[in-house]
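The chain contents come next:
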Amino acid sequence: MVDIASDFIIPGTFVTINGTGTTTNASNAVVIMAVNSALTDGSGVTFNITSTDAITFKPASLTLNAGGTGYVVGDVVTVNNVGTAIVKTVDANGVITAITPSLYTQPLVSDMTATGIDGTGGKGTGATFNATSTKIDSYAINGVSVNNAGSGYHLGDKFTVSNATITVTGLNANTGVNAVSFTTDGTGLSSDPAASGVSPTATDTIDGPVNTLTYAGSLANVQSIFGVSADITRAYDRYINVDSVTPVYLITCASASVSDIQTALNAIQETPFTVLATTFSDSDQILAIKTFFDARYNYASELYGIHVSARTDTVTNLLAYGATVNSEYSTIVGFAPGSVDDDVVKMAAVAAVIAPSIAADPSAPIQLLAVDVTPSGNGFSITERNSIFNAGVAITKEDSAGDVYLERSRTTYQTNAAGTPDDTYQDTETLPTVAVCSETFRNDCNTAFFDTGMKIVDSATLASNGGSITNKNVVTTAGIKAQLISTYNTLINSGLCQDAATFNSNVSVVLKSKGVVAVYCPITLVEQLRQIQINIDFSF
């Protein structure tokens, strides 16, 4: 992040969320991250090759025809298209009597065979030469098409056929090759390469892109880029099986190490997203992801998002795990062992229900949502789920029909910076809801006060002078407060906040320093309905 000189004030509205930074609801996109998988070679592709036959000629000999006069030993005489003749001996009049020929090796379209060819160069004049040639049949590849598509290939895979390099530019739904481009090294071929059903002599399979944020598009496109069996592809396949609407970006890292995860996260840069879904849930990995989000929530970045992952383990291990993580950004969903699905697809299935829920209404409770995961057949009991939840891990349950549900979502946040138990950011819904509130305040203030250059006057000072200013592009601290109250009413009507009376009584606007207004906004979020307790008292 660039340091900004203290005397430079960035124009605009910046919102701080209880010390954690600024947020913006710029996009409902999802980013899926996993470790890069090595791509395997495809098989079965063959090509149809067409060619042209180019007849060329190459110098075969250069001999003396007439010696001329005035030459000296060592003169170099050039014979066009044939080579050079170095004068070896001369007589007393400088007549060439012997030469040492040096022939050009480049084939030419025209035949250089001739007698009495003039030469140039040297101290004498009049020397002529005889030349003979060798006829060469030279072939060149001029067309490549797909004969058999094969399967398992990727965009960018390369094949070698003769002196041509063939590159995959299109794939069919089965990852077979259906379009290619080609180049040759430019040399002529002594035998005709034209044939049908030619198998490549070599295959160069691409590496899936690492640390590169990639828009997913179709599943076929993802398979062609990352490979059919790659973790990132399997995750995307499961995600779009549930949510085919939300835009999805994919990124892989070189390994699951913290340093490689950090490198991949840095490659995301300032791309807005709602949910970052990863295969990473270990405590050191969660800490690295928390550091990434801390920077995104900073007022100078004005980005936001949450992190979602899945973790399959026993009750005992999940309880122990919960004590090692503490992040307001990360929701780790616990699953019972036994399902044929691994944590890669479980993570994607969970993200596919959380992301649309946040996009539709960030304050709506994320609970009792069916997830596209094969049941373990041995789900957690209600007592176990309660313990797991209280340990900082979101919980899943399985019903008798074999359906799996995200019963209650939560973040791993359990204690504040002082180590005191704190439920401020326990609910997954909290940060996305505050994010939308933050953006609404910022956008309304920017529209009201920054779309047109405004001047600021302290309301108290203006009142003490007994005056008022109108139609001069001047705003007062009271005017900003009125805008904030209006915005808060909008948030209440949107079902995100409540208690207008408390907000109206406690919101404050103070002219802090030169051109800088400090605002205190005590918003009260709506709560999620979690339970209705009915006590039935009956009698006869």
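Above this text you will find the structure in question.
Everything numeric here is computed off the predicted structure, so don't read it as measured data.

### A short note on the packing of aromatic side chains
Piece 1. Under the defined criterion, the tally for this structure stands at 13 aromatic pairs.
Piece 2. Look at Phe-47 and Phe-159: their rings are 5.5 Å apart centre to centre, the planes differ by 55°, and that puts the pair in the tilted class. One end of the pair, Phe-47, is in strand β2 (residues 46-69); the other, Phe-159, is in strand β8 (residues 158-161), and 112 residues separate them in sequence.
Piece 3. When its relative accessible area of 0% is taken as the criterion, Phe-47 is described as buried.
Piece 4. Given a relative accessible area of 0%, Phe-159 falls into the buried group.
Piece 5. Centre to centre, the rings of Tyr-413 and Tyr-425 are 5.3 Å apart; their planes meet at 90°, and the pair counts as edge-to-face.

### Notes on the side chain of Thr-433
Piece 1. Considering the arrangement of structural elements, one finds Thr-433 in helix α8 (residues 430-449).
Piece 2. One polar contact links the side chain of Thr-433 to the main-chain carbonyl oxygen of Glu-429, over a distance of 2.8 Å.
Piece 3. Setting aside anything within four residues of it in sequence, one finds Thr-433 in contact with Pro-362, Ser-363, Leu-496 and Leu-525.

### With respect to helix α1 (residues 219-226)
Piece 1. Within the sequence span of α1, burial applies to Val-222, Gln-223, Ser-224, Ile-225 and Phe-226.
Piece 2. Looking at the packing, one finds that the buried side of α1 touches β9 (164-171), β13 (214-215), α2 (231-242) and β14 (248-253).
Piece 3. One or two residues past the end of α1 sits Gly-227, with phi positive at roughly 100°.

### Things to note about the nonpolar core
Within soluble globular proteins, side chains that are nonpolar tend to cluster in buried spots.
Piece 1. Ile-32, Tyr-239, Leu-250, Val-275, Ile-354 and Leu-406 are the most contacted members of the largest nonpolar core, which has 38 residues in total.
Piece 2. Top element by residues in this core is helix α6 (residues 343-360). It accounts for 11 residues.
Piece 3. Among all residues touching Ile-32, those that are not within four sequence positions of it are Ile-232, Ala-235, Tyr-236, Tyr-239, Val-248, Tyr-249, Leu-250, Ile-251, Ala-277 and Met-347.
Piece 4. Ile-251, Tyr-297, Tyr-425 and Ala-435 belong to the second largest nonpolar core, which has 21 residues in total.

Conventions used here
- Residues numbered from 1 in each chain as written.
- Predicted model: local features only at pLDDT ≥ 70, side-chain atom pairs only at ≥ 80, totals over all residues.
- Heavy atoms only, no water.
- Phe/Tyr/Trp six-rings, centres within 6.5 Å; stacked < 30°, edge-to-face > 60°.
- Helix = DSSP H or I, 4+ residues; strand = E, 2+ residues; numbered from the N terminus.
- Buried < 20%, exposed > 50% of the residue type's maximum accessible area, 1.4 Å probe, protein only.
- Polar contact = N/O pair within 3.5 Å; in protein donor to acceptor, adjacent residues only side chain to side chain.
- Contact = heavy atoms within 4.5 Å.
- Core = buried A, V, L, I, M, F, W, Y, C linked by side-chain atoms within 4.5 Å.

So yeah, pure geometry; function would need other evidence.
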